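Working through the structure, step by step
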Amino acid sequence: MPTSVATLTQRPIITICTQRNQGDVPGTVRSLLLSTKRLQELLKEWSVGQATELQVSDGYVQIGTDFNNAIRAFAYHQIDLSDIHSIPGELRVPLEQCLGEDPSPEILETYMPEVRQVLYKLLKGLQARQDAWKASGGRVP
């Protein structure tokens, strides 16, 4: 039975892009993939009482930051990612539902398939841009 309704933290995200890093597609994608992996680790830790709801929420916020940086990096090379702009919102739904429950491995098993499905959609969306990235010269400015 849920003890409280969980809402993921929405904090203002301040990102300073310099001319040097704003088109760094490989770097921003790497950071995004690492933050998705970290979120999955945090969820596992949360399910056994080794991470807090706030830590999971912070992991989600980091994904949002890294996602926005990746969007900007691809846009720098005129590569559109509008078809995956909904990913952060799609990820938020199962996370809030999961965190609204008491932590347990069983609860995590209930919600992880949907979390993984959203992350898989993100991965496929990024992979679909590999050819466009290579065609743009595939270089960090």
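Look above for the structure.
The text that follows walks through the structure, step by step, so that each part is easy to find. The model shown is predicted, which means the values in this text are computed figures rather than measured ones.

Quick word on helix H3 (residues 87-99)
Here H3 spans 18 Å end to end across 13 residues, near enough to the 18 Å set by a 1.5 Å rise per residue. Ile-87, Pro-88, Leu-91, Arg-92, Pro-94, Leu-95, Glu-96, Cys-98 and Leu-99 are the residues of H3 that are buried. Where H3 is buried, its residues meet helix H1 (25-47), helix H2 (53-76) and helix H4 (105-127).

Description of the side chain of Arg-129
For Arg-129, the location among the structural elements is in the loop between H4 and helix H5 (130-135). Ignoring sequence-local partners within four residues, the contact set of Arg-129 consists of Phe-74, Ile-79, Asp-80, Leu-81 and Asp-83.

Considerations on the packing of H3 against H4
Where H3 meets H4, the closest approach of the two axes is 9 Å, and the angle between their N-to-C directions is 175 degrees. Classified by the angle between their axes, H3 and H4 sit roughly antiparallel to one another. Across the interface between the two elements, Ile-87, Glu-90, Leu-91, Val-93, Pro-94, Leu-95, Gln-97 and Cys-98 from H3 touch Ile-107, Leu-108, Tyr-111, Glu-114, Val-115, Val-118, Leu-119, Lys-121 and Leu-122 from H4. Residues that form the contact of H3 with H4 fall into these classes: 13 nonpolar, one polar and three charged.

Some points on the pattern of salt bridges
One pass over the structure, following the stated rule, counts five salt bridges. Two residues, Glu-41 and Arg-38, come together in a salt bridge whose shortest N-O distance is 3.4 Å. One end of the pair, Glu-41, and the other, Arg-38, are both in helix H1, three residues apart, so they sit about a helical turn from each other. We note a salt bridge from Arg-92 to Glu-96, for which the minimum N-O separation is 3.0 Å. Of this pair, Arg-92 and Glu-96 both sit in helix H3, four residues apart, which is roughly one turn of that helix. One exposure class covers both Arg-92 and Glu-96, and it is buried. Connected through salt bridges with shared partners, the residues Arg-38, Glu-41 and Glu-45 form a single ionic network.

Each value, and the rule that gives it
Residues numbered from 1 in each chain as written. Predicted model: local features only at pLDDT ≥ 70, side-chain atom pairs only at ≥ 80, totals over all residues. Heavy atoms only, no water. Helix = DSSP H or I, 4+ residues; strand = E, 2+ residues; numbered from the N terminus. Expected span 1.5 Å × (residues − 1). Buried < 20%, exposed > 50% of the residue type's maximum accessible area, 1.4 Å probe, protein only. Contact = heavy atoms within 4.5 Å. Axes fitted to C-alpha atoms, helices over the stretch in contact; angles between N-to-C directions. Parallel < 35°, antiparallel > 145°, perpendicular 65-115°, else oblique. Nonpolar A, V, L, I, M, F, W, Y, C, P; charged D, E, K, R; others polar. Salt bridge = Lys/Arg side-chain N within 4 Å of Asp/Glu carboxyl O.

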